[in-house]
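Inside the fold
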Amino acid sequence: MAAPRVVVEPAGRVCWDEPVRIAVRGLAPEQPVALRASLRDEKGALFRAHARYRADARGQLDLQRAPALGGSFSGLEPMGLLWALQPDKPFWRLVKRDVQTPFALELEVLDGHEPAGPDGGRVLARAVHERHFMAAGVRRVPVREGRVRATLFLPPGQGPFPGIIDIFGVGGGLLEYRASLLAGHGFATLAVAFSNFEDLPKNYNCILVDYFEEAMCYLLQHPQVKGPGIGLLGISLGADICPSMASFLPNISATVSINGSGCSGNIPIQYKQTKIPPLGYDLRRSKMTFSGILDILDIRNDLIGGHKNPSMIPLEKAQGSILFLVGQDDHNWRSELYAQTASERLQAHGKERPQIISYPGTGHYIEPPYFPMCPASLHALVNKAVMWGGESRAHSKAQIDAWEQILSFFHKHLGGTQERTSRL
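This report concerns the structure included in the present document. Quantities reported herein were computed from a predicted structural model and do not represent experimental measurements. (Residues numbered from 1 in each chain as written. Predicted model: local features only at pLDDT ≥ 70, side-chain atom pairs only at ≥ 80, totals over all residues. Heavy atoms only, no water.)

1. Overview of the sheet that holds strand β20 (residues 321-327)
- The mixed open sheet is built from 8 strands, whose spatial order is β9-β10-β12-β11-β14-β15-β20-β21. The sheet terminates laterally at β9 (139-145) and β21 (355-359), the two strands that pair on one side only. In this sheet, adjacent strand axes meet at a mean angle of 20 degrees when their direction is disregarded.
- Examined bridge by bridge, strand β15 (residues 252-258) and β20 share 5 bridges and lie parallel to one another. Bridge assignment links S257 to a residue of β20, and that residue is F324.
- Here helix α3 (residues 209-221) sits on the sheet and contacts β9, β10 (148-154), β11 (161-167), β12 (188-193), β14 (225-235) and β15; the angle it forms with β12, its principal contact strand, is near 155 degrees. (Pairing = 2+ DSSP bridges. Helix = DSSP H or I, 4+ residues; strand = E, 2+ residues; numbered from the N terminus. Axes fitted to C-alpha atoms, helices over the stretch in contact; angles between N-to-C directions. Contact = heavy atoms within 4.5 Å.)

2. Examining the pattern of salt bridges
- Within this structure, the stated rule accounts for 21 salt bridges.
- In this structure, R144 and E198 form a salt bridge, with 2.7 Å as the shortest nitrogen-oxygen distance. Taken together, the residues R144 in strand β9 and E198 in the loop between β12 and β13 (207-208) connect sequence positions 54 residues apart.
- The exposure class assigned to E198 is exposed, which follows from its relative accessible area of 52%.
- Residues joined by salt bridges that share partners form a network here, namely R36, E106, E108 and R126. (Salt bridge = Lys/Arg side-chain N within 4 Å of Asp/Glu carboxyl O. Buried < 20%, exposed > 50% of the residue type's maximum accessible area, 1.4 Å probe, protein only.)

3. Here we look at unusual backbone geometry
- For the bond from E9 to P10, the omega torsion is 0 degrees, close enough to zero to count as cis.
- Note on placement: P10 falls in the loop between β1 (5-9) and β2 (21-25).
- Note that the residue after G159, namely P160, is joined by a cis bond; omega there is 0 degrees.
- Positionally, P160 belongs in the loop between β10 and β11.
- Backbone geometry places Y370, a non-glycine residue, at a positive phi of 75 degrees.

4. Let's talk about α3
- Between its first and last C-alpha, α3 extends 18 Å over 13 residues, near the 18 Å set by a 1.5 Å rise per residue.
- Of the positions making up α3, those classed as buried are V209, Y211, F212, E213, A215, M216, Y218 and L219. (Expected span 1.5 Å × (residues − 1).)

5. Digging into the sheet that holds β13
- Judged by pairing direction, the sheet is mixed, and its 3 strands sit side by side in the order β13-β16-β17 without closing on themselves. Looking at the sheet topology across the chains shown, the edges are occupied by β13 and β17 (274-276).
- One ladder, built from 2 bridges, connects β13 with strand β16 (residues 269-271); its direction is parallel. Across the sheet, L208 pairs through a bridge with Q270, a residue of β16.

6. Let's talk about the environment of F248
- Among the secondary structure elements, F248 is positioned in helix α4 (residues 238-248).
- Owing to a relative accessible area of 15%, F248 belongs among the buried residues under this scheme.
- On a C-alpha basis, the gap between F248 and A125 in space is 57 Å, while along the polypeptide they are 123 residues apart.

7. Structural notes on a nonpolar patch on the surface
- Residues Y281, L283 and L381 make up a contiguous nonpolar surface patch of roughly 220 Å² in combined accessible area.
- Note that L283 resides in the loop between β17 and β18 (287-288). (Patch = residues over 30% accessible without salt bridge, like charges linked within 9 Å, V, L, I, M, F, W, Y side chains within 5 Å. Areas by Shrake-Rupley, 256 points an atom, 1.4 Å probe, with all protein chains shown as cover.)

8. Some thoughts on the pairing of β11
- The buried fraction of β11 is high, at 7 of 7 residues.
- Pairing of β11 with β12, which is carried by 4 bridges, proceeds in the parallel orientation. When the bridges of β12 are listed, D166 appears paired with A191.

In structure tokens:
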């Protein structure tokens, strides 16, 4: 009998947001095995997941057909070994820092149902599956233009391509992994840093929309970006910056807010002479959980007056379409309530009701597909571990759907035809 082997399909270059088929060949009929997955991030932190399975009558195991019998997850979850990865180090979030190199996922097949420890079964087969963040032909262009600190990702081909600006949250830095993946779907995507990167300030006491206007002008003037309008994608604080840009700046055709608040939260948002006062917060309203993690869900001051509150972003001035993606178990703030309030404000001004997609069991960090859910990590504002909410399986399903919604929304409002399709 041939030795067992792990098969991952498709066999070529696979991007992080693409599903794969994981199978094991050459097992004994009905053989019980454990599959173990491990991955190290660029800082050396180890992430692991495992699940127990039973081979079929022909000695084959296909994760698209065989349910996991327990472990890090159970049931039919073909990509569970990825989304169920958990860090050995507490409160550690999986982030891709260098998109020019892949993450290497090690897959092991062990005899029996014990995945680890001194009594764990012997390793029957092993494989390394690389997951890339830049599709073949995607180009990475560092941008240092005026004040703007960013990275532009251009799709393969001549263009011009629809353009998107991508902004993350309060921790700052320059995160590129979402922008690089979007470029693989035909969008010229500019990942923009606004703090804590190179010569940008580490701390900031006001969000200056003028800075992001510079980034927008750079993107629109690029010869491989087609106008007249671009898209905006933001998460957390980035999801408040993007609607602010859409409210004050021209040429914004589509805005996606992932768990934003629709208002100026902890610090003012300013464009030229217009300043939106912050809603403010009180850390005394935070709660310590039994596990020693801070729950900051209720620290923000109430939106007195609802959509008429002066801290609300004036979304009624936005010209383009808006999509709100909301985790119903977001513990950073009450994203669903804020999205509904933003919708009320738009309708009160005679505007069309925006699209709001709410995901049950989903926390704050809605990432591209197959990123493991981060239940808690260090928060830059309070310098302590805080809970982000979510239940892993529901959160994983939400990330897959949210990514499809984002791609579909931008293709609808910005155009573009280079959508990559799954090869499974």
